[in-house]
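Structural characterization, general
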Amino acid sequence: MYDKNIFGVNSAFYYFGLEHFYVNIYNYIKNGIRKNEIVWLCVNNDVYKNIKSYIGAYENWYHNICNFPKILNLYKYYGVSSIRNKLIEYENGIIEKGYNGIRFIIDVKHIISISSKEDFLKFDSDMLDIIYKTRSSVMCAYDFENYVNTRDIIDDKIIEESSATHSSRLYKGELQNCQKLLNI
């Protein structure tokens, strides 16, 4: 599995319906828990509660819901280097507490619905610069059902940019390099 060291990786997951999302994210989170990583969820409250109830058997996992609007405002005001420095400062604190790193899981549909497509795309285009050589990883989850049925939030531009921005994909339950998926 490519998931051995995901730090510094900005990956994508294309899900079709919440059931598909939960099954795959559940396993992705379990892998992080086994590796003693903190999990930050950038999802709506209902999804957060469901994930929490599914993972409830793991009493020692540290998770929280991410205040993405606050992060986005800091990013827009201070820029990439400031957000990166804040992330590294936070990482140092959690490593001192015995954790190995951080997994951020971002539901793109939710983030766009509370901000804008333009803000998300700009932030995501800078993500690799923010997490480069850190002890953090980012998984952007794209609601492909929304893309297929209505495209009101996940549209052609979002899908197009996602394939250009993410070097790894969650595919068949494993995080894999995109070149491997394309047999390049």
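For the structure, check the block above.
Residues numbered from 1 in each chain as written. Predicted model: local features only at pLDDT ≥ 70, side-chain atom pairs only at ≥ 80, totals over all residues. Heavy atoms only, no water.

**Some thoughts on the overall build of the chain**
Helix and strand content of the chain: 10 helices and seven strands. Its C-alpha radius of gyration of 15 Å places the chain within 12% of the 16 Å reference for a compact globule of 184 residues. Dimensions of the chain along its principal axes, counting C-alpha atoms only, are 45 × 40 × 40 Å. Buried residues in the chain amount to 48% of all 184 residues. Here the analysis covers contacts within the chain between residues at least 6 apart in sequence; of these, 75% occur between residues at least 24 apart. Total accessible area computed for the chain in this model is approximately 9700 Å², and 50% of it derives from carbon and sulfur atoms. (Helix = DSSP H or I, 4+ residues; strand = E, 2+ residues; numbered from the N terminus. Rg over C-alpha atoms; globule rule 2.2 N^0.38 Å. Buried < 20%, exposed > 50% of the residue type's maximum accessible area, 1.4 Å probe, protein only. Contact = heavy atoms within 4.5 Å. Areas by Shrake-Rupley, 256 points an atom, 1.4 Å probe, with all protein chains shown as cover.)

**Let's talk about the sheet that holds strand β4 (residues 101-107)**
Spatial strand order, β3-β2-β4-β5-β1-β6-β7: seven strands in an open sheet with mixed pairing. Bordering the open sheet on either side are β3 (63-65) and β7 (174-177), each of which pairs with just one other strand. Mean inter-strand twist for the sheet, computed between neighbouring axes without regard to direction, equals 25 degrees. Of the strand pairs in this sheet, strand β1 (residues 10-15) and strand β5 (residues 136-143) are connected by six bridges, and their pairing is parallel. (Pairing = 2+ DSSP bridges. Axes fitted to C-alpha atoms, helices over the stretch in contact; angles between N-to-C directions.)

**Some remarks on the state of the cysteines**
A full pass over the atoms with the stated rule returns zero disulfides. No disulfide involves C42; its nearest neighbouring cysteine sulfur is the one of C66, lying 3.0 Å away. Overall, C42 belongs to the buried group, its relative accessible area being 2%. Cysteine C140 is unpaired, with the sulfur of C42 as its nearest cysteine sulfur at 8.8 Å. For C140, a relative accessible area of 0% translates into the label buried. (Disulfide = S-S within 2.5 Å.)

**Focus: the pairing of β5**
The element β5 is largely enclosed, with a buried count of eight among its eight residues. The alternating pattern of β5 places S136, V138, C140 and Y142 and S137, M139, A141 and D143 on opposite faces, both of which are buried.

**Here's the deal with the environment of Y62**
Considering the arrangement of structural elements, one finds Y62 in the loop between α2 (45-55) and β3. Dropping the residues within four chain positions of it, Y62 is found in contact with E37, I38, V39, Y90 and Y99.

**Observations concerning the pattern of salt bridges**
One pass over the structure, following the stated rule, counts six salt bridges. As a salt-bridge pair, R103 and E37 come within 2.4 Å of each other at their nearest N and O atoms. One end of the pair, R103, is in strand β4; the other, E37, is in strand β2 (residues 37-42), with 66 residues separating them in the sequence. With relative accessibility at 1%, the residue R103 sits in the buried group. Across the pair D126 and K122 runs a salt bridge, and its minimum N-O distance is 3.3 Å. When its relative accessible area of 11% is taken as the criterion, D126 is described as buried. (Salt bridge = Lys/Arg side-chain N within 4 Å of Asp/Glu carboxyl O.)

**Remarks on the packing of aromatic side chains**
As enumerated under the stated definition, the model contains 12 aromatic pairs in all. Arranged with centres 5.8 Å apart and planes meeting at 65 degrees, the rings of F21 and Y22 form a pair that is edge-to-face. Here F21 matches Y22 in class, with each residue buried. Aromatic side chains Y22 and Y54 sit 5.3 Å apart centroid to centroid with 70 degrees between the ring planes, which places their arrangement in the edge-to-face category. Separated by 32 residues along the polypeptide, Y22 in helix α1 (residues 18-34) and Y54 in helix α2 bring together distant segments of the chain. Note that R103 overlies the ring of Y28, its terminal NZ or CZ placed 4.5 Å from the centroid. Seen from the ring of Y147, R151 lies directly overhead, with NZ or CZ sitting 4.0 Å from the centre. (Phe/Tyr/Trp six-rings, centres within 6.5 Å; stacked < 30°, edge-to-face > 60°. Lys NZ or Arg CZ within 6 Å of the ring centre and 35° of its normal.)

That's the geometry; what it means functionally is another story.
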